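Examining the three-dimensional arrangement
Take a look at the letters that make up each chain.
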Amino acid sequence: MPRSMNFKLFRPLAQVLPALAATILIVNAAQAADAPYTGPLFDAHLHYNEEAWNGPHPLADVLARMQRNGVRAIVANSRPNDGTKSLAAAPQTAQAGVRVVPFIRLYRTRADYDNWFRDPSIFEMVQTEFARGTAAGAYRGIGEFHLYDSANANGAVAQQLMVFAEDNNLAVLAHVDDVAIDLLMANAPSKGQKLRLVWAHTGIGGASVERVDALFAQYPLLVGELSYRPGLTCADGKLCPDWRALLLKYPGRFVIGSDTWVNQRWLYYDALMQGYRRWLGDLPANVARQIAWDNAAALFGLPAQP
């Protein structure tokens, strides 16, 4: 074939190849962005309550759910604290590859939900539990507790607990609104600069992204836990734009959790974890890993590699 004919034949192909390569890169990038996160998960808000262990979810059942979903560590807090102790001490837990970070729950029965902040025996119970520890080691935090009226953050027991938590380097898991965050922080010796407060659901009642942003800026150790968070994801199960921007602004300040407060949540444990993996896949890989594992691991001194 003459050289002139060869040139005319291959010049169009040379023009097409760069565009084709760019298209392939775009498609691959879009597919990568859609891929769920596949790394380890740290469930930083888990309950193993009496109606679960005495009912349809014995230890083998809940550990199997964690194991098949790649949950390698949990913050356990249970009503009563026996559920947490059983999870922490059982050989099956270690065999399943699950690390337990035990918290002291304030609730002995359901009646304590509405009354703990004015009941001196609650603070006595927390002190006793902390001194005793668990068979698997020391408690690492207090909570989850609820305040349905933010003013009760100034109750005597709430004030004592914030001082006790900070003095003993315990994290606090609080199901409260944004007003109570300010009140609880004000009751800590450092006025919120040293208290490790994990904000369950990152606000009940749906505190705005702007308000969450302002609180994160004010309190350097405030951490947002993302179960039940309204407005977090949109119709496609991926992050809504405003929340995606906030997670990218504070990649080291968020954790995930299941909040298995009723047995029904155990039934949907697989779906909950799959939902997290879906929207975590919408983030840069390093940020997804931070929220899924690294942040909680660093907070409680667990290895970066589970």
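Described in the following lines is the structure provided in the data block. Everything quoted here is computed from the prediction, not taken from an experiment.

Here's the deal with the overall build of the protein
Along the protein, the regular secondary structure elements total 13 helices and eight strands. Taking all 306 residues of the protein together, the buried fraction comes to 50%. For the protein, contacts bridging at least 24 residues in sequence account for 77% of all contacts bridging at least 6. Carbon and sulfur atoms form 58% of the exposed surface of the protein, whose accessible area is close to 13,600 Å².

Points about the nonpolar core
Ranked by internal contacts, the top residues of the largest apolar core, which has 76 residues, are Met66, Trp116, Phe145 and Trp279. Considering every element that reaches this core, the biggest residue donor is helix H7 (residues 156–167), with six residues. The contacts of Trp279, once residues within four sequence positions are left out, are Leu226, Leu232, Thr233, Gly237, Lys238, Leu239, Leu247, Ile256 and Ile291.

With respect to the state of the cysteines
Under the criterion given, the structure shown has one disulfide. A disulfide bridge connects Cys234 with Cys240, and the sulfur atoms are separated by 2.1 Å. Residues Cys234 and Cys240 share a disulfide whose torsion about the S-S bond is about 135°; that sign makes it right-handed. On the basis of relative accessibility, which here comes to 35%, the residue Cys234 falls in the partly exposed class. By relative accessible area, Cys240 is classed as buried at 9%.

Considerations on the packing of aromatic side chains
Evaluation of the coordinates by the stated rule reveals 15 aromatic pairs. A centroid spacing of 4.8 Å and a plane angle of 50° characterise the contact between Trp116 and Phe145, whose relative ring orientation is tilted. On the criterion of sequence distance, the pair formed by Trp116 in the loop between strand E3 (99–104) and helix H6 (120–132) and Phe145 in strand E4 (residues 141–146) is long-range, its members being 29 residues apart. The same class applies to Trp116 and to Phe145, which are both buried. Ring pairing ties together the aromatic residues Phe42, Phe103, Trp293 and Phe300, which thus form one cluster.

Overview of the side chain of Asn49
Structurally, Asn49 is set in the loop between strand E1 (41–46) and helix H2 (50–53). Within polar-contact distance, the side chain of Asn49 engages the backbone oxygen of Trp261 at 3.3 Å. Setting aside anything within four residues of it in sequence, one finds Asn49 in contact with Ser78, Arg79, Arg105, Thr260 and Trp261.

Definitions and cut-offs
Residues numbered from 1 in each chain as written. Predicted model: local features only at pLDDT ≥ 70, side-chain atom pairs only at ≥ 80, totals over all residues. Heavy atoms only, no water. Helix = DSSP H or I, 4+ residues; strand = E, 2+ residues; numbered from the N terminus. Buried < 20%, exposed > 50% of the residue type's maximum accessible area, 1.4 Å probe, protein only. Contact = heavy atoms within 4.5 Å. Areas by Shrake-Rupley, 256 points an atom, 1.4 Å probe, with all protein chains shown as cover. Core = buried A, V, L, I, M, F, W, Y, C linked by side-chain atoms within 4.5 Å. Disulfide = S-S within 2.5 Å. Phe/Tyr/Trp six-rings, centres within 6.5 Å; stacked < 30°, edge-to-face > 60°. Polar contact = N/O pair within 3.5 Å; in protein donor to acceptor, adjacent residues only side chain to side chain.

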